[in-house]
Amino acid sequence: MEIEINPEYTMLKKVNKNLYLSQEQMDILKEYQISYEDKQSLSDLFLEIEEIYNQCGDDVLNNLLDVLSERDYYENYNK
């Protein structure tokens, strides 16, 4: 099995003043029609994704929730 690595797809990009997402994450959000451009933090985005996930239970959204919540924890909480 050959795995293609594309840093441009997975590297975080600035969405607005406070939010950074990868192209992969933005594509997933667009697929589920979740707006992210107006969110001011990962926490705000997380709440909207969680609401959609609770309706559909899709594993893709669950994985995205896991990734974003872990990143939010490491970026915003004192250790």
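Whatever comes next refers back to the structure up there.
Everything quoted here is computed from the prediction, not taken from an experiment.

**Overview of the packing of helix α3 (residues 42-56) against helix α4 (residues 59-76)**
Moving on, step 1. Direction vectors running N to C along α3 and α4 enclose 155 degrees, while the axes themselves pass 10 Å from each other. The orientation of α3 with respect to α4, classified from their angle, is roughly antiparallel. Pair α3 / α4 crosses with left-handed handedness. Of the residues in α4, those touching α3 at Leu-42, Ser-43, Leu-45, Phe-46, Ile-49, Glu-50, Ile-52, Tyr-53 and Cys-56 are Leu-61, Asn-62, Leu-64, Leu-65, Leu-68, Ser-69, Arg-71, Asp-72 and Glu-75.
Moving on, step 2. Residues belonging to the contact of α3 with α4 are distributed by class as follows: 11 nonpolar, three polar and four charged.

**Thoughts on unusual backbone geometry**
Moving on, step 1. Within the chain, Gln-33 stands out as a residue other than glycine whose phi angle is a positive 55 degrees.
Moving on, step 2. Within the secondary structure, Gln-33 sits in the loop between α2 (23-31) and α3.

**Some details on α4**
Moving on, step 1. Over its 18 residues, α4 runs 25 Å from end to end, which matches the ideal 26 Å to within 8%, given 1.5 Å per residue.
Moving on, step 2. For α4, the side-chain oxygen to backbone nitrogen distance between the N-cap and Val-60 is 2.8 Å, and the N-cap itself is Asp-58.

**Examining the nonpolar core**
Moving on, step 1. If you look at the biggest cluster of nonpolar residues, it comprises 15 residues, and the most contacted ones within it are Leu-21, Leu-29, Ile-34, Leu-45, Ile-49 and Leu-68.
Moving on, step 2. When contributions to this core are tallied by element, the ones reaching two or more residues are α2, α3 and α4.
Moving on, step 3. Beyond its immediate sequence surroundings of up to four residues, Ile-34 is in contact with Leu-29, Leu-45, Glu-48, Ile-49, Ile-52 and Leu-61.

**Notes on the side chain of Lys-39**
Moving on, step 1. Along the chain, Lys-39 falls in the loop between α2 and α3.
Moving on, step 2. Overall, Lys-39 belongs to the buried group, its relative accessible area being 11%.
Moving on, step 3. If we ignore the near neighbours within four places in the chain, the residues touching Lys-39 are Asn-16, Leu-19, Asp-44, Leu-45 and Glu-48.

**Here we look at the packing of α2 against α4**
Moving on, step 1. Across the interface, α2 lies against α4 with an axial gap of 11 Å and an inter-helix angle of 135 degrees. Considering the angle they form, α2 stands oblique to α4. Pair α2 / α4 crosses with left-handed handedness. Within the contact between the two elements, α2 uses Gln-25, Ile-28 and Leu-29 and α4 uses Val-60, Leu-61, Leu-64, Val-67, Leu-68 and Arg-71.

**A look at the pattern of salt bridges**
Moving on, step 1. Counted under the stated rule, the structure contains three salt bridges.
Moving on, step 2. Asp-38 serves as the salt-bridge partner of Lys-39, at 3.3 Å between the closest nitrogen and oxygen.
Moving on, step 3. Of the charged contacts in the structure, one is a salt bridge between Glu-75 and Arg-71, with a shortest N-O distance of 3.0 Å. Of this pair, Glu-75 and Arg-71 both sit in helix α4, four residues apart, which is roughly one turn of that helix.
Moving on, step 4. Glu-75 sits in the partly exposed class, given a relative accessible area of 48%.

Conventions adopted
- Residues numbered from 1 in each chain as written.
- Predicted model: local features only at pLDDT ≥ 70, side-chain atom pairs only at ≥ 80, totals over all residues.
- Heavy atoms only, no water.
- Axes fitted to C-alpha atoms, helices over the stretch in contact; angles between N-to-C directions.
- Helix = DSSP H or I, 4+ residues; strand = E, 2+ residues; numbered from the N terminus.
- Parallel < 35°, antiparallel > 145°, perpendicular 65-115°, else oblique.
- Left-handed = near helix turned anticlockwise from the far one by under 90°.
- Contact = heavy atoms within 4.5 Å.
- Nonpolar A, V, L, I, M, F, W, Y, C, P; charged D, E, K, R; others polar.
- Expected span 1.5 Å × (residues − 1).
- Polar contact = N/O pair within 3.5 Å; in protein donor to acceptor, adjacent residues only side chain to side chain.
- Core = buried A, V, L, I, M, F, W, Y, C linked by side-chain atoms within 4.5 Å.
- Buried < 20%, exposed > 50% of the residue type's maximum accessible area, 1.4 Å probe, protein only.
- Salt bridge = Lys/Arg side-chain N within 4 Å of Asp/Glu carboxyl O.

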